There are 2 protein chains.
Amino acid sequence: MAAQVQALYDFSGEPGTTEMSITAGEVLTLINTEIGEGWWEGKNSKGETGLFPAAYVRKLTPDEVTQTKAAPPAPRYDQAADEWGDQAYSAGDNNYKRTASNDDGWDDDWDDDTYSEIGPANQQAKPAHQQQQLTPLPGMPISEYSNHQFDDTASSYASQVGTVRKSKFAPSSKVSGESYLLGTLNVEVPDSEKVYIVQEEEGYAWSPIPNPFSVTVASPKKESKFKGIKSFIAYQLTPSFNNIQVSRRYKHFDWLHERLQEKFTLIPIPPLPDKQISGRYDEQVIERRRIQLQEFVDWMCKHPVLSKCEVWQHFLTCTDEKRWKAGKRQAEKDNLLGLNYCISLVVPEKALLQSQVDQVTEQCHTFINSMDTSVKNITSMCLAQTKRCQGPYKSDCQKVGEAFYSLGNALGLDEGTMVSRSKLTSAIKMTGGAYIEIGRMYDEQPKYDWEPLGDKFHLYKGIVGSFPDVLANHKGAVQKKRECERLTAEHKMEVAQLNEVLRRTDVISYALLAEINHFKVERTEDLKATMQKFLQQQIMFYKRVVDKLENTLHLYDD
Amino acid sequence: MAAQVQALYDFSGEPGTTEMSITAGEVLTLINTEIGEGWWEGKNSKGETGLFPAAYVRKLTPDEVTQTKAAPPAPRYDQAADEWGDQAYSAGDNNYKRTASNDDGWDDDWDDDTYSEIGPANQQAKPAHQQQQLTPLPGMPISEYSNHQFDDTASSYASQVGTVRKSKFAPSSKVSGESYLLGTLNVEVPDSEKVYIVQEEEGYAWSPIPNPFSVTVASPKKESKFKGIKSFIAYQLTPSFNNIQVSRRYKHFDWLHERLQEKFTLIPIPPLPDKQISGRYDEQVIERRRIQLQEFVDWMCKHPVLSKCEVWQHFLTCTDEKRWKAGKRQAEKDNLLGLNYCISLVVPEKALLQSQVDQVTEQCHTFINSMDTSVKNITSMCLAQTKRCQGPYKSDCQKVGEAFYSLGNALGLDEGTMVSRSKLTSAIKMTGGAYIEIGRMYDEQPKYDWEPLGDKFHLYKGIVGSFPDVLANHKGAVQKKRECERLTAEHKMEVAQLNEVLRRTDVISYALLAEINHFKVERTEDLKATMQKFLQQQIMFYKRVVDKLENTLHLYDD
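Identification of chain A as Sorting nexin from Plutella xylostella is taken from an unreviewed UniProt entry. What the UniProt record of chain A gives under Subcellular location (unreviewed entry) is the line "Cytoplasmic vesicle membrane". Heading Sequence similarities (unreviewed entry) of the UniProt record for chain A holds this comment: "Belongs to the sorting nexin family."

*Asks:* What am I meant to see in the overall build of chain A here?
*Replies:* In terms of regular secondary structure, chain A is built from 14 helices and 11 strands. The burial tally for chain A puts 55% of its 558 residues in the buried class. The contacts in chain A between residues at least 6 apart in sequence include a share of 74% that link residues at least 24 apart. Accessible surface for chain A amounts to roughly 23700 Å². Of this, 51% is attributable to carbon and sulfur atoms.

*Asks:* What's the story with the relation of the copies chain B and chain A in this structure? I'm lost.
*Replies:* Two copies of the chain are present, and they differ by a rotation about an axis and a shift along that axis. Take chain B, turn it by 180°, move it 0.1 Å along the axis, and it overlays chain A with an RMSD of 0.2 Å. Taken together, the rotation angle and the small translation identify this as a two-fold axis. In terms of proximity to the rotation axis, the leading residue of chain B is Tyr542(B), whose C-alpha is 3.0 Å off the axis.

*Asks:* How should I be thinking about the interface of chain B and chain A in this particular structure?
*Replies:* The figure often quoted for interface size is the accessible area lost as the parts come together. Between chain B and chain A, the residue contacts involve 61 residues of the former and 61 residues of the latter. Sorting the residues of chain B by area buried against chain A places Asp414(B), Leu535(B) and Tyr542(B) first, and these three jointly supply 10% of that buried surface. Here chain B is connected to chain A by 10 salt bridges. We note a salt bridge from Asp396(B) to Arg388(A), for which the minimum N-O separation is 2.8 Å. Along the contact surface separating chain B from chain A lie 18 residue pairs in polar contact (both at pLDDT 80 or more). At the level of elements, helix 11 (354–412), helix 12 (419–444), helix 13 (450–489) and helix 14 (495–554) of chain B are the ones that each hand at least two residues to the side of chain B that touches chain A. When residues of the side of chain B that touches chain A are assigned to their parent elements, the largest contribution, 22 residues, is made by helix 11 of chain B. The residue inventory of the side of chain B that touches chain A, partitioned by class, reads 32 nonpolar, 15 polar and 14 charged.

*Asks:* What am I meant to see in the pairing of strand 6 (residues 195–200) of chain B here?
*Replies:* For a regular strand, side chains alternate in direction, first toward one face of the sheet and then toward the other. Residue and element names in this part refer to chain B. The pairing of strand 6 with strand 11 (residues 345–346) spans 2 bridges and is classified as parallel. Each residue of the ladder has a partner; that of Val195, found in strand 11, is Leu345. Two successive antiparallel strands, strand 6 and strand 7 (residues 203–206), enclose a turn made up of 2 residues.

*Asks:* Help me out: how do you make sense of the sheet that holds strand 11 of chain B in this one?
*Replies:* Neighbouring strands of a sheet are bound in pairs by backbone hydrogen bonds; such pairs are parallel or else antiparallel. Residues and elements named next belong to chain B. One open sheet accounts for 3 strands, arranged 7-6-11; its pairing is mixed. For this open sheet the edge positions go to strand 7 and strand 11, each flanked by a neighbour on one side alone. Relative to the sheet, helix 14 contacts strand 6, strand 7 and strand 11, its axis offset from that of strand 7 by approximately 85°.

*Asks:* Whenever I open this one, the state of the cysteines confuses me. Can you help?
*Replies:* A covalent bond bridging the sulfur atoms of two cysteines is what the word disulfide describes. All names here are of chain B. Within this structure, the stated rule accounts for 0 disulfides over all chains. Cys389 provides the cysteine sulfur closest to Cys382, a residue in no disulfide bond, and the two sulfurs are 11 Å apart. The buried category is assigned to Cys382, whose relative accessible area is 2%.

*Asks:* Quick question: what am I supposed to make of the sheet that holds strand 11 (residues 345–346) of chain A here?
*Replies:* Residue and element names in this part refer to chain A. Read across the open sheet, the 3 strands follow the order 7-6-11; overall the sheet is mixed. Among the strands making up the open sheet, the edge pair consists of strand 7 (203–206) and strand 11. Examined bridge by bridge, strand 6 (residues 195–200) and strand 7 share 4 bridges and lie antiparallel to one another. Paired with Val198 across the strands is Ala205, a residue of strand 7. Sheet contacts for helix 14 (residues 495–554): strand 6, strand 7 and strand 11; angle to strand 7, the most-contacted strand, approximately 85°.

*Asks:* How should I be thinking about the packing of helix 9 (residues 310–317) of chain B against helix 10 (residues 321–333) of chain B in this particular structure?
*Replies:* All names here are of chain B. Contact geometry for helix 9 and helix 10: axes closest at 10 Å, N-to-C directions at 165°. Between helix 9 and helix 10, the angle is such that the two are roughly antiparallel. Our pair here, helix 9 against helix 10, has a crossing hand that is left-handed. Contact with helix 9, carried on its side by Glu310, Val311, His314, Phe315 and Thr317, involves Arg323, Trp324, Gly327, Lys328, Gln330 and Ala331 of helix 10 and no other residues of that element. Split by residue class, the contact of helix 9 with helix 10 holds 4 nonpolar, 4 polar and 3 charged.

*Asks:* How do you make sense of the environment of Arg504(B) when you look at a structure like this?
*Replies:* Residues and elements named next belong to chain B. Assignment of secondary structure puts Arg504 in helix 14. When its relative accessible area of 10% is taken as the criterion, Arg504 is described as buried. Taking the C-alpha atoms as reference points, Arg504 and Leu549, separated by 45 residues in sequence, lie 67 Å from one another. Apart from the residues within four sequence positions on either side, Arg504 is in contact with Tyr180, Leu181 and Gly183.

Thresholds, definitions, all that
- Residues numbered from 1 in each chain as written.
- Chains lettered and ligands numbered in written order.
- Predicted model: local features only at pLDDT ≥ 70, side-chain atom pairs only at ≥ 80, totals over all residues.
- Heavy atoms only, no water.
- UniProt positions renumbered as here; feature names shortened; annotations may be inferred.
- Helix = DSSP H or I, 4+ residues; strand = E, 2+ residues; numbered from the N terminus.
- Buried < 20%, exposed > 50% of the residue type's maximum accessible area, 1.4 Å probe, protein only.
- Contact = heavy atoms within 4.5 Å.
- Areas by Shrake-Rupley, 256 points an atom, 1.4 Å probe, with all protein chains shown as cover.
- Least-squares fit on C-alpha atoms with pLDDT ≥ 70 in both.
- Buried area = accessible area lost by both parts, 1.4 Å probe.
- Salt bridge = Lys/Arg side-chain N within 4 Å of Asp/Glu carboxyl O.
- Polar contact = N/O pair within 3.5 Å; in protein donor to acceptor, adjacent residues only side chain to side chain.
- Nonpolar A, V, L, I, M, F, W, Y, C, P; charged D, E, K, R; others polar.
- Pairing = 2+ DSSP bridges.
- Axes fitted to C-alpha atoms, helices over the stretch in contact; angles between N-to-C directions.
- Disulfide = S-S within 2.5 Å.
- Parallel < 35°, antiparallel > 145°, perpendicular 65-115°, else oblique.
- Left-handed = near helix turned anticlockwise from the far one by under 90°.

What follows is the structure, given as structure tokens:
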């Protein structure tokens, strides 16, 4: 009997290729494991054969083969709780969901190519982190921590906003974050990598980018591997500082996004393209993704911390396969993750007043809560309006056009000797034509107004949706500081050690304040430009309608 | 036991008055027959009491009282066939339906007031005309007629177009029409009442109106009778030739319309207002009816024959009750009905070529057939677009507005020290306001474009819908002429008598040609103006949208 495998995860084969879709739990018969580059060939219970990623399945033992008909659900990352005591993350976090399921044609583009081995399958195969322990404070009983620590932080926001970012690397970021706060992290950050927080008119701010740059995401090309068996989309990125194009696939973006999320727990990472993008043609979907990738890239470039970070620079510039691999390994070994990253920060000397910090975070929390609703509302409105334009608005106009056209036709049946009547007939027919054309304009219009607006608000949805997690991470640190104060009051912690904790908590607060401020400044400029562009496009549209109707009206002139 | 009556017809009592709705066949107990002016009071089986028109019920004999539980359906006019052999009229003829049922608040305004006793009930009580016989030709066996006469005329059109006008007075008009054709009508028409058909560049035409005039229909007033028990709507008509206002109720229009339809079987009579007019407020419905009455009146005034006819002049000018009654009696006694009216016509001396007449009528038939579909299509489109504007277009705009407004509100929660942000917040809120306002504009807009267009096409629907009947009436005369030619060939009719028939058939054909031509000329001017007005209103609307959005855009200026 041929070897059998069981699918660990869902995989959607790209239609029209040799790929085959498999469903978690499904049992397949192996045909060929020598396809190469991570692909196996198999046959499912319906007798269909095709390729699937070897990492998505596990071989069954002969014993198992007999009892796999109703296999238990495969381990799923999204069933794992993290140690911040929160389970309510599934509602809004698209970024997270993207990595957990692979059901559209885009992020199926997974394989073991030479650029990297990262990918959803690798991550999903490691669901064991929820067992990890906190690093106990020196001299503090472990029981203290495991009982009541950190259980009212993330969850208190999450229950209100419903979205807390789940980093796949939450455990390590958590541990390393703690080690920073508790002073057990011993790392020297070279001056070149230090990040400064400065006081500006409107509050504390990240020190501005000395050499601003931009990156353009060009229309993607479809590339092939295995002599056409595998094809994928690669986007061309060109940074303004060197003008050298690099080619990146979705999985590279996805890998980058994971690195950024694990490293920066106090900075919302802009989202990757919406999985839900819909379009009538593949080209439209690919183009929308490009636009949303451009939004991602723009936000990265404008952020003083993110734009200079090493993994991003590596992503933007590396063209050499060996260097890519080395940089990738280095990024994955990065130990300045989560709160630990704060060791790179240089903040004003002044100690912060906790009450002022609380006030700012409280206001931010209220704002984000309300903003989250608004931003989701606007994204779904953009989608709804797009459908309206391409559906009823268009077809209503066309019905109007057809009614006038048919009137013109009817009048034409009674054409006689009168010239003016013939002119009327033709004018009425052309009025019909004008409305049909306006229908077509409605169909095309969302590309210029509703879709770009939706793309922008997809960005905001991701950023706003990440903020509760950022606030929770900060709140966790403040909570830990208070715990240390209590321990000191109870003489269980040295005052000197507490002072270190207080100073480091202030660094964390400075980072949050700088980030809140950055978001304010950025969105103010950005939303203004967004609204202006949107309104300009709407105005242009209605002006074109007016022009068309005015030209039509002139047909009736004597 | 109190006297019982059975409803002969449906009657809808006006809500909020003492009127009571009754259903044909329903048995009621009489309470009071002394209400006056044609009203009786009764009680129905549910114990409800109210007023209803005495003419709508009949008293039951004591015998009948015991067996009326399942009364047979009351005789309905619309079940009566006319002698042109056609039953397919029920599809499109609103005018006809209006007189047969009384189920809206407007033409319920029936009573025995002193101005007239005409009204639906009087007509509906005489459904016996289908039994009437044709006047046999002198010397022709009756059997000839009753077997194969006139049975492929109206019906052949009706089956294609689906609308044939049903005059309530079809039998008498038919008989008197025949008497003209057969030369048995001996009437002297004074010169002042003669109507001339002249040859013009574009064909034969009614001699133009020497003193054109117009009539305005003013916004109606609600008037009361019986100290408020009955209230009704009266429209104020002011002719331009004397500037004296007269007050007319629906039933007067209805009476007039019946007179015109029985008199002019070769001229389509413009329709009275659409029974289906819908509106959210009574005022809107009343105003739409006023506009459609104005369309009726305008078409009457512009028609060389209709505008000068006596009953119309009487309707427009009579302010004295006694004179009204006298004129009414005279109009009802008018014996120049149907084809008989043609005795008033003075036509060119030239005999018409039947083949040319056939060609014109055939083209007209094809045209009317196609026009009928188009015109109905446009009226229903106007209704659909009105609902769209007041429904989804409005609510979509408002949803867009609310989404922006809520975004502004959310941003307002994070207002700080930055002036520009505050300005952005307010601009975004006002963008929301602008879209909500555009929603309101959509709601209001149909009043300026779709409703007037619909009112105009209601007129055309009525006229176009009457044309098949006009063509059938003409075709019937031609058929009769051919019959006479056959009789003459068989020596059953004198040649001199035939020549008279031929001459008179030509007069009828001249009238049809003039009317076809009149409709061409009128609609050419009228449709042109209609389309221009419609497009101007659409342009104005979209320009207002552009203005609103441009003003909004300026709010984002620095």
